[in-house]
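Results of the structural survey
Here is what each chain is made of, one letter per residue.
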Amino acid sequence: MIEPTDPEKKRSSRRRFLAGAAGLAVAGATGAARADEKNLPPNVAGWSKQLGEGVASHPYGAPSKFEKDVVRRDVQWLTASRESSVSFTPLHELDGIITPNGLCFERHHSGIAEIDPNDYRLMIHGLVDKPLTFTLEDLKRLPRVNRIYFLECAANSGMEWRGAQLNGCQYTHGMVHCVQYTGVPLKLLLEQAGLKPNATWLMAEGGDAAAMNRSIPMAKALDDCLVAYRMNGEMLRPEQGYPVRLVVPGWEGNVWVKWLRRIKLGDQPWYTREETAKYTDLLENGKARKFTFEMDAKSVITSPSPQAPLKRKGFTVISGLAWSGRGKIKRVDVSLDGGRNWRTARIDGPVFDRACVRFYAEFDWNGAELLLQSRAIDETGYVQPSKAELRKIRGVNSIYHNNGIQTWALRASGEVENVEVG
Ligand code: MTE
Ligand code: CO
């Protein structure tokens, strides 16, 4: 909100602001700091009295130093080693639908492979007429497309199956990002190699020390998968698979193989570690679901949220993200009373197939305690379930594919807590 420029009004508005924020001592809360009078109108601010840095100081730009708290974070007890590491997107600090490259969550099974692009090769072999090897330059010479997609790790919200656990949407929902990829349709590469009639599956393998690999059915490979080398215009970041990763729209992040080195065509799935011991869903009856590739529709209110408390009463904007692995998001609903009453949120910005959408719901907060929820509805008519509904089918032994409705309890102090409603 714009502060009044009249100094008298400004002081009183600051008093109101401080009164509203009284009792708020939330770790990680940003802003709310006292301004330096010297820099405020009618004074001429310090930065207006001297020359600024020239262009040479930052050949590759970085965010303002005042945004130093807007960073990926990890949870020490969750993954403390390079054999299995994860960092989370600071969703509560972002807006719009595009995740800045430096803030995209990372998930590595053996750390970040450092690949010299000159030594990079992509092999295609197995049930093909002509095995092929592509250099990065080869890939860049082929016709390319630009697509905006979300990527969500199947384990996103995985710690919440048995109840509210982590206090912050960065940790409960931060294994998702949404960027624009530039790359070659996988179909094109497969056609160049020539598929044998019995080639019904492929195995994609990464060049990292884990050689992480997954089986993908041919119909998906020929439909919309990309062999991508750019994200948001620049080359992939090392942590996102530089120089080349597989893009598998709408499907669980694990199959988006990074540092892609090999594609083998076969006539059945490989049943690799990542699709047997991991990335299967243990059900209530002891059976495990396999190959649950598609990500179900999901949403989360990113602000207010535990790391983004409300600092004052009055007009405020609820903001959040929604996405679905089955197509476009059609509608997002928001509830202030734990799911008893719903109203339609306002989606603003582009709505792409299998990309994040940004939603808003404005309201006047009178300081009452609220239970904030959002639910996504996609173009197939699928409605994001409550956690109770989800557990009826899935039990509580799962890790992956938790798309239950998130509840944030907004306290009278403005603080927000991760809770569950019955
Ligand atoms: N590919 C390789 N080669 N090695 C990996 O560890 N992690 C997978 C997938 N691809 C992984 C990989 C998992 S579990 C996820 S969720 C996504 O990459 C994460 O992609 P990101 O790090 O770009 O967010
Ligand atoms: Co993952």
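From a predicted model like this one, the values you see are computed outputs, not experimental measurements. (Residues numbered from 1 in each chain as written. Chains lettered and ligands numbered in written order. Predicted model: local features only at pLDDT ≥ 70, side-chain atom pairs only at ≥ 80, totals over all residues. Heavy atoms only, no water.)

With that settled, the discussion passes to the packing of aromatic side chains. This model, assessed by the stated rule, comprises eight aromatic pairs. With a centroid separation of 6.3 Å and 50° between ring planes, the pair formed by Phe150 and Trp323 is classed as tilted. A residue pair is termed long-range when its members are at least 10 positions apart, and Phe150 in strand β5 (residues 145–152) and Trp323 in strand β16 (residues 314–323) qualify at 173 residues. Classification of Phe150 by relative accessible area gives buried; the value is 0%. Taking the centre distance of 5.7 Å and the plane angle of 55° together, the rings of Tyr181 and Trp256 count as tilted. Here Trp256 lies in the loop between β11 (245–247) and β12 (260–266) and Tyr181 lies in strand β6 (residues 176–185), a separation of 75 residues in the sequence. Taken individually, Tyr181 and Trp256 each receive the classification buried, so the pair is uniform in this respect. Ring-pair connections join several aromatic residues into one group, and the members of that group are Trp201, Trp251, Tyr271, Phe291 and Phe293. For the cation-ring pair, Arg326 lies above Tyr382, with the distance from its terminal atom to the ring centre recorded as 5.5 Å. Above the ring of Trp342, the side-chain terminus of Arg375 is found at 4.2 Å from the ring centroid. (Phe/Tyr/Trp six-rings, centres within 6.5 Å; stacked < 30°, edge-to-face > 60°. Helix = DSSP H or I, 4+ residues; strand = E, 2+ residues; numbered from the N terminus. Buried < 20%, exposed > 50% of the residue type's maximum accessible area, 1.4 Å probe, protein only. Lys NZ or Arg CZ within 6 Å of the ring centre and 35° of its normal.)

Counted under the stated rule, the structure contains 28 salt bridges. A salt bridge links Lys187 to Glu191, with the nearest nitrogen and oxygen atoms 3.7 Å apart. Linking Lys187 with Glu191, this pair stays in helix α4 (residues 186–193), spanning four residues, or about one helical turn. A salt bridge links Lys220 to Asp224; the nearest nitrogen and oxygen atoms lie 3.1 Å apart. (Salt bridge = Lys/Arg side-chain N within 4 Å of Asp/Glu carboxyl O.)

Averaged over every residue, the pLDDT of the protein chain is 92; residues scoring 70 or more account for 92%. When the criterion is pLDDT under 50, residues 1–31 qualifies, and its contacts beyond four places in sequence or with other chains add up to 32 contacts. (pLDDT = per-residue confidence, 0-100. Contact = heavy atoms within 4.5 Å.)

Domain annotation of the protein chain identifies domain 1 (122–143 + 183–286) and domain 2 (298–419). Centre-to-centre separation of domain 1 and domain 2, based on C-alpha positions: 33 Å. The interface is formed by twelve residues belonging to domain 1 together with ten residues belonging to domain 2. Taken together, both faces of the contact between domain 1 and domain 2 bury some 910 Å²; the carbon and sulfur share is 48%. (Domains from an automatic or database assignment. Buried area = accessible area lost by both parts, 1.4 Å probe.)

In the region of ligand 1, 21 residues are neighbours, and Phe105, His109, Asp208, Arg245 and Lys258 sit closest. Within the backbone of His109, a nitrogen or oxygen atom sits 2.6 Å from an oxygen atom of ligand 1. One of the side-chain N or O atoms of His177 is found 2.8 Å from an oxygen atom in ligand 1. Notes on ligand 1: free accessible area 530 Å², of which the protein chains cover 100%. Take the shell around ligand 1: its biggest share by element is three residues, from strand β2 (residues 106–108). By residue class, the composition of the shell around ligand 1 is eight nonpolar, seven polar and six charged. (Near = heavy atom within 4 Å. Polar contact = N/O pair within 3.5 Å; in protein donor to acceptor, adjacent residues only side chain to side chain. Areas by Shrake-Rupley, 256 points an atom, 1.4 Å probe, with all protein chains shown as cover. Nonpolar A, V, L, I, M, F, W, Y, C, P; charged D, E, K, R; others polar.)

Among all positions in helix α6 (residues 387–394), only Lys387, Leu390 and Arg394 are buried. Down the axis of α6, the sector holding all buried residues measures 60°, keeping them to one side. In α6, the exposed positions angled more than 90 degrees off the buried face are occupied by Lys392 and Ile393. Buried positions along α6 lie against β13 (281–282) and β14 (288–289). (Arc of directions from axis to C-beta.)

This next bit is on the nonpolar core. Leu202 and Leu260 are the most contacted members of the largest nonpolar core, which has 63 residues in total. The element best represented in this core is strand β9 (residues 226–231), accounting for five residues. Setting aside its immediate chain neighbours within four residues, Leu260 contacts Tyr120, Arg121, Leu122, Ala204, Glu205, Gly206, Val227, Val244, Arg245 and Leu246. Leu310, Ile318, Ile329 and Phe363 belong to the second largest nonpolar core, which has 32 residues in total. (Core = buried A, V, L, I, M, F, W, Y, C linked by side-chain atoms within 4.5 Å.)

Listed in full, the buried residues belonging to α4 are Leu186, Leu189, Leu190 and Ala193. Down the axis of α4, the smallest arc covering the buried residues is 95°, so these residues share one side.

Reading across from one edge, β15-β16-β20-β19 is the order of the four strands in this open sheet, with antiparallel pairing throughout. The sheet terminates laterally at β15 (298–303) and β19 (346–348), the two strands that pair on one side only. With strand direction ignored, the average angle separating the axes of adjacent strands in the sheet is 35°. Note that β16 and strand β20 (residues 357–365) share nine bridges and pair antiparallel. Following the sheet pairing, Ala322 is matched in β20 by Val357. (Pairing = 2+ DSSP bridges. Axes fitted to C-alpha atoms, helices over the stretch in contact; angles between N-to-C directions.)

Here we come to the environment of Lys387. In this structure, Lys387 sits in helix α6. Lys387 gets classed as buried once you look at its relative accessible area, which sits at 9%. Not counting the four nearest positions on each side in its chain, Lys387 is found in contact with Glu160, Gly404, Ile405, Gln406 and Glu420.

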